[in-house]
Structures are given as C-alpha cells and as structure tokens.
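Letter by letter, the chains look like this.
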Amino acid sequence: MIQIDGNNVIQVFGTAAQNQFGHPQTYTVNTANFPDGWHEFRARCFGQDTTSGPDPGKLTELTAGHQLLFSNGNLPASNGDPDHATDGNIDTHSWYDVDTGPNPIGYVYSQIENVDALIDAPLAGTVHFTGRVFPNGTATIDHWKLMVDDVTVAEHHGTTQQYTVPLDTTTLTDGQHTLQFHGHGIAPSGRMLAGQVEIPITVSNGTPPPPPPPPPPPSSLPVSSASDSFAGPLDTTKWTVTATAGSAGASAGVLTITPNTGTDATGVYVTSIPSYTFMGSQASTKVLSVVDGNINNKFTLRAPGNQNEVGWYYEYGNLWAYWRVNGVETDPGFVTYSPTTHAYWRMRQAGTSVFWETSPDGVTYTVQATAPTGNIPFPLDSVQVEFNLKAFSGTGAASAAPAKYSNLNQ
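Each value, and the rule that gives it
Residues numbered from 1 in each chain as written. Predicted model: local features only at pLDDT ≥ 70, side-chain atom pairs only at ≥ 80, totals over all residues. Heavy atoms only, no water. Pairing = 2+ DSSP bridges. Helix = DSSP H or I, 4+ residues; strand = E, 2+ residues; numbered from the N terminus. Axes fitted to C-alpha atoms, helices over the stretch in contact; angles between N-to-C directions. Salt bridge = Lys/Arg side-chain N within 4 Å of Asp/Glu carboxyl O. Buried < 20%, exposed > 50% of the residue type's maximum accessible area, 1.4 Å probe, protein only. Polar contact = N/O pair within 3.5 Å; in protein donor to acceptor, adjacent residues only side chain to side chain. Contact = heavy atoms within 4.5 Å. Core = buried A, V, L, I, M, F, W, Y, C linked by side-chain atoms within 4.5 Å. Phe/Tyr/Trp six-rings, centres within 6.5 Å; stacked < 30°, edge-to-face > 60°. Lys NZ or Arg CZ within 6 Å of the ring centre and 35° of its normal.

## Describing the sheet that holds strand E26 (residues 403-406)
Overall, antiparallel pairing links the 7 strands, which are arranged E14-E15-E26-E17-E22-E23-E24 in an open sheet. Strands with a single pairing partner mark the edges of an open sheet, and in this sheet they are strand E14 (246-251) and strand E24 (366-372). Each neighbouring strand pair of the sheet contributes to a mean axis angle of 20°, computed without reference to strand direction.

Structure (structure tokens):
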C-alpha cells in the first residue's frame, strides 16, 4: 500500500499482494493532485496471523514514512500534520488489530528527527541525535533505544517519549554504518508493540584525536572542608590562577581579584586544585567588595566538563543564584544586592535539594533560592571551588574595583 498523509494512493490485497512480496515494486504518484507543502509518503504492508492460538486472523501492519516537499503551484494545505509531515523527520508506524477484548491497540511511532544533519554529509566528532517514540491509541511508551550496527549507544525505559543524546563517531571506523532507532509501547494487556527505523550514515574522522584526559578522581572530602584564611601570599598548593587582563592575590586575610578596565577580554579564575563532594555539604565565603560595569564576579563550584557549575554571581546590582550545563544558564532566583544583608554567600546540598543562601553575619542564613538536586544534570560528587570574574559586552569593567573574598568556610 502507498499512502500520502494516510490517504491510499495505491493498494493491493490478498494473493495479488502476496505475489509481490520479496520483489522490488515501482509505482508512480502524481504529486500535482495534492496541496503544495510538506507531506508524508508512506509505504505500508500488512500481515495476518494464521497460526492457532488466541489471535488467528488478526492483522499487524508496518509503515515506513518519508517526508516530501510538493511544489506544483497549488495552494498550500491549510493545516499539516506536525507529528509526521515535517521537514527532516522519518519514522516507522507499528500497528496491531486489537488487544485482548475489543479495544484497539493503535499505533506506536518510532521517529528520527533532523535526519538531514545525519545523512547529508559525513559525520565527524560528536553529533547529537534526537529520537521520539509516541503512541496513537492505548499503548504506553516503555522503551527508547539508539544503536549503530546493532550496538546500543543509548537506551531509556519509561514513558518519556523524546530524548536528545550525543553520538561519538570517533568510536566508529570511518566508512558506512547503519544507524538504528528502536522504540516500543506496552498495550493494556501487557503485549509489546515495537518498531524500528534505520538510516545509512557515513563516518569520516581521519586520524582519531587523542582521548581526553580523565577527570580528576572523586574525592570523599566534603566541600565544607575546603578552607583558606588568605593570609597571603596565595597558596599555590591549594589554588591555580588563570588570568587574562587582570590579576589575583591574597594578603591579610583577603583574596583580591582585580580586573583591567575598558576591555571585555578580562577573565580571572582562582580554582582549587583538590576536588570535593558537594553532596550533603556546603560552601560559603564572605564577600567584601564586588566589581563595577559590564563584568560579574562569582563564587561557584565547578564540575568536570564544559562550563558545568553551580553557585552565586553578582552583576549589575543583582545577586544571582545559578547553575550552568555546557554553558547554558538556569537562574532559580536573584535578589537586589546589599553588601551588608548579603555579606556571606553559601551553596548547600541537603536531602534532595540544593539551596542558595545569604547571611549578614555568617551565622544566620536566609534561603534565597532552591531547586531539586536532580534538576542539575551533572555529578556533584567531584567539584572544585572557584572564585572568578569575567567581563563582557565591549567595555568590560568600568573601574578597577576588585572582587574581594575572605573566610572560605570559616
């Protein structure tokens, strides 16, 4: 059976269909008979259960869906199918007659999204794959799996329908491979209805890059054990300094980080050498002064990876509670900054939550923001304490006013 958007264009049944199985078929579809725009071209086949048992005569069906753009000068369709007739998606439709009793099971769709990015050119490095498994009927989604050449890359169980996962092509040999996306749903009776869609991909990485250095081993020490009086000079057995257009130093109980003015290149990072666990622990510091202009200063806990961090930062008169994942920021709260009311900044993890707190005296803390620990999707059992400042937006710091900290966990 050939369909356009679920409308039968060509259909063959019974013995005539059986005689065509296993033989390539060629059909002609006049696209001028349809509105302009995106449509789903579907190639569908049915099978019938002929064995003895509870389901003789029941039908099952499998459809391969491909998206096509029709352009014949016709009026475009007034409404399309956002689930199927969408540029860059291909899918399979799995269908079964009825479940136990008269209830139809309906469909389970396994869909690759943004397929053009996977097949238009050879793949290199890490690419991202988005797959969706969703029902139309009584089935409940239960399985999502990405494979390459029958080897599992990522797998999830449960009712979540869509995931985006990284595919590291450097683990594959250069050349042709088969990418496979599988999903299934569970009918009310417990029966499984599964489908799988496959596409060819080409990998071309040339000489494989060297493996990344291993992350620092997790430490059993709580982050509350990180401590420094900043008596001076800065203790290089505890801290590393990375500075561009600025400087950092410790003296008389104060860590001072000073920006150069008039440049957005300023970035100064004072990072602990040891790693600690944030789970069930806390980190606090006293903030003696903050920066001025197009620049911010932070007290943060940095996890392995690309800009994975959780902490506090000051910017433009506000104090922000935040976390970042691969550089993408989430802000669960902020306050208008008061140097007396918010003299101490603290991050704390307890139970299933993370708390951002401030205090005027380092004794009595007020919760300013909170979030479930599970919302922060990177491990919190290996973090480094960091003080930093970073300029942005052209002119950077308006003055050489430094960020000053003291009393780390004291």
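## Examining the pattern of salt bridges
What the rule picks out here adds up to 6 salt bridges. Linking Arg 324 and Glu 329 is a salt bridge whose minimum nitrogen-to-oxygen distance equals 3.5 Å. Taking relative accessible area as the criterion, Glu 329 reaches 28% and is therefore assigned partly exposed. Several salt bridges share partner residues, and in doing so they unite Lys 298, Arg 302, Glu 309 and Glu 386 into one network.

## Overview of the pairing of strand E6 (residues 106-113)
Sheet faces and side chains relate simply in a regular strand, where the side chains alternate between the two faces. Taking burial as the measure, the 8 residues of E6 include 8 buried ones, the bulk of the element. As defined by bridge partners, E6 adjoins strand E7 (residues 126-137) across 8 bridges and the pair is classed as antiparallel. The partner of Tyr 109 across the bridge, within E7, is Phe 134.

## Describing the side chain of Asn 205
Relative to the helices and strands, Asn 205 resides in the loop between strand E12 (192-203) and strand E13 (239-244). A polar atom in the side chain of Asn 205 sits 3.1 Å from the side chain of Thr 169. If near-sequence neighbours (up to four positions away) are discounted, Asn 205 is found in contact with Leu 123, Ala 124, Gly 125, Thr 169, Thr 170 and Asp 174.

## A short note on the nonpolar core
Residues Phe 278, Phe 299, Leu 301, Trp 345, Trp 356, Val 385 and Phe 387 are the most contacted members of the largest nonpolar core, which totals 46 residues. Leu 123, Phe 129, Leu 179 and Phe 181 belong to the second-largest nonpolar core, a separate cluster that totals 27 residues.

## Some remarks on the packing of aromatic side chains
Tallied over the full model, the rule gives 19 aromatic pairs. A cation sits over an aromatic face here: Arg 346 above Tyr 365, 3.7 Å from the ring centre. One Lys or Arg, Arg 348, reaches over the ring of Phe 355 and ends 4.4 Å from the middle of that ring.

## Topic: the side chain of His 342
Structurally, His 342 can be placed in the loop between strand E21 (328-336) and strand E22 (344-350). What makes His 342 buried here is its relative accessible area of 5%. Discounting residues that sit within four places of it in the chain, His 342 has contacts with Leu 319, Val 335, Thr 336, Tyr 337, Thr 358, Ser 359 and Gln 368.

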